[in-house]
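# Observations on the model geometry
Residues per chain are reported as follows:
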Amino acid sequence: MSIGLRLEVDLDKIKYNAAKVVELCHSHGIAVLGVTKGFTAIPQIVAAMLEGGVDGLADARMENIIELRNEGFSESITLLRIPQLSNVENVVTYSNVSVNSEVAVIRALGKAAKEKGLVHQIILMVDVGDLREGVMTENVLATVRQVIGLEGIRLVGLGTNMGCFGGILPEYSNLNILVNLGKLIETRLGIKLEVLSGGGTSSLFLVERNEIPAGINQLRIGEGMLLGTDTTNSRNIEWLKNDAFLLKAEVIEAKLKPSVPIGNIGRDSFGNIPEFIDVGIRNRAIVALGKQDAYIEGLVPVDQGLSILGASSDHMILDITDATRQVRVGDELTFHVTYSGLLSVSQSKYVKKVFRKDNIWLS
Ligand SMILES: *Cc1c(COP(=O)(O)O)cnc(C)c1O
């Protein structure tokens, strides 16, 4: 076993989660893209998703996609963030499909693909209300008319995204807008779209309840498969494992201290004025983990008796008075990560990644 600050990744659990999501979605005629942006597309984790049976991969960052190609992944990859006009050549070279909302970008993608002798597939994003990316519904038909004749690209479908900027929940009614637009495009323009991509983890809920509109045939799943959670619907997904990722950090001090600092309060190391409530002398621990390593609000102690009091760049302070087990210097504390926590620790060069596969720890 490894020591020091580390993210322990149980690949068997990720494979299990992927397989469960795929099984549910396939039984409703829905293909599953495994979304790799939440963990910077670490290859071992991507491989576990593929072993679980995902139908393709998707990421928001070209850097991650290029790395996946360099690692030898040859599966279809969808670029999930609408492309930058300045980067269309990489997009058509390394991804098979991209989601789009701007005709100028789609034209540029077509031109770049044609020059390379490629045909790039595009999914037109439709904004059904979350107000992040996408063409407003009333403009979809006109936009499709502008892009169908273009060389170098093929419009394969429509997609939508929810639960991100506006926190809008996927429902039968807003997802059915995609289905109806698909029908409209077919009757008016004679094009049969292959893909209606109905969102991410937050849409799984509708599949479980058999409330997803018929015709939605793709979901792009990250969070649920990785963490067994669905933040938008604020729920744990009971049929998935929620401990595939655990962060471990070492206790470097454990002492009784007052709960209110002594002296005149100025600003903390991040420029904020801290406030404290006097709850008397408490047992506190410092772990070797700070804001340089992780987004602290994205970490949750596994021991529910522990509470995070705060952190500076390199130290995290916890109240351990109510810990279920005694905490001593040299012990390790374990944390669950949320999606934002996972994003941050995946990127940190200070957090070692260790993997468990077929019940064996690899390092
Ligand atoms: C991140 C992202 C997803 C995956 O979302 P999860 O909540 O992690 O399942 C799907 N689609 C788009 C466009 C995204 O940016």
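Residues numbered from 1 in each chain as written. Predicted model: local features only at pLDDT ≥ 70, side-chain atom pairs only at ≥ 80, totals over all residues. Heavy atoms only, no water.

## Things to note about the overall build of the protein
- On a plain count of helices and strands, the protein comes out with ten helices and 20 strands.
- With the C-alpha coordinates aligned to their principal axes, the bounding extent of the protein is approximately 75 × 45 × 40 Å.
- Relative to its 363 residues, the protein shows a buried fraction of 48%.
- By sequence separation, contacts in the protein at least 24 residues apart represent 64% of the contacts at least 6 residues apart.
- Just so you have it, the protein exposes about 17,200 Å², and 49% of that area is on carbon and sulfur atoms.
- Of note, the protein has its 36 positive side-chain charges centred 2 Å away from the centre of its 42 negative side-chain charges. (Helix = DSSP H or I, 4+ residues; strand = E, 2+ residues; numbered from the N terminus. Buried < 20%, exposed > 50% of the residue type's maximum accessible area, 1.4 Å probe, protein only. Contact = heavy atoms within 4.5 Å. Areas by Shrake-Rupley, 256 points an atom, 1.4 Å probe, with all protein chains shown as cover. Lys, Arg positive; Asp, Glu negative; His and termini not counted. Charge placed at Lys NZ, Arg CZ, Asp CG, Glu CD.)

## What about a nonpolar patch on the surface?
- A grouping of Leu131, Met136 and Phe165 is seen on the molecular surface, where their side chains present a nonpolar patch of about 330 Å² in accessible area.
- Summarising the element assignment, methionine 136 is placed in strand E7 (residues 135-136).
- For methionine 136, a relative accessible area of 35% puts it in the partly exposed group. (Patch = residues over 30% accessible without salt bridge, like charges linked within 9 Å, V, L, I, M, F, W, Y side chains within 5 Å. Salt bridge = Lys/Arg side-chain N within 4 Å of Asp/Glu carboxyl O.)

## Points about the packing of helix H1 (residues 11-26) against helix H2 (residues 43-51)
- At a closest axis distance of 7 Å, the pairing of H1 and H2 adopts a crossing angle of 40°. Taken together, the axis directions place H1 and H2 in an arrangement best described as oblique. By crossing handedness, the relation of H1 to H2 is classed as right-handed. Listed contacts from H2 to Leu11, Ile14, Lys15 and Ala18 of H1 are Gln44, Ile45, Ala48, Met49 and Glu51.
- When grouped by side-chain class, the residues that make up the contact of H1 with H2 number six nonpolar, one polar and two charged. (Axes fitted to C-alpha atoms, helices over the stretch in contact; angles between N-to-C directions. Parallel < 35°, antiparallel > 145°, perpendicular 65-115°, else oblique. Left-handed = near helix turned anticlockwise from the far one by under 90°. Nonpolar A, V, L, I, M, F, W, Y, C, P; charged D, E, K, R; others polar.)

## So, the pairing of strand E16 (residues 307-311)
- Relative to strand E17 (residues 316-319), E16 runs antiparallel, the two being bridged by four bridges. In the strand pairing of E17, isoleucine 308 is matched with leucine 318. (Pairing = 2+ DSSP bridges.)

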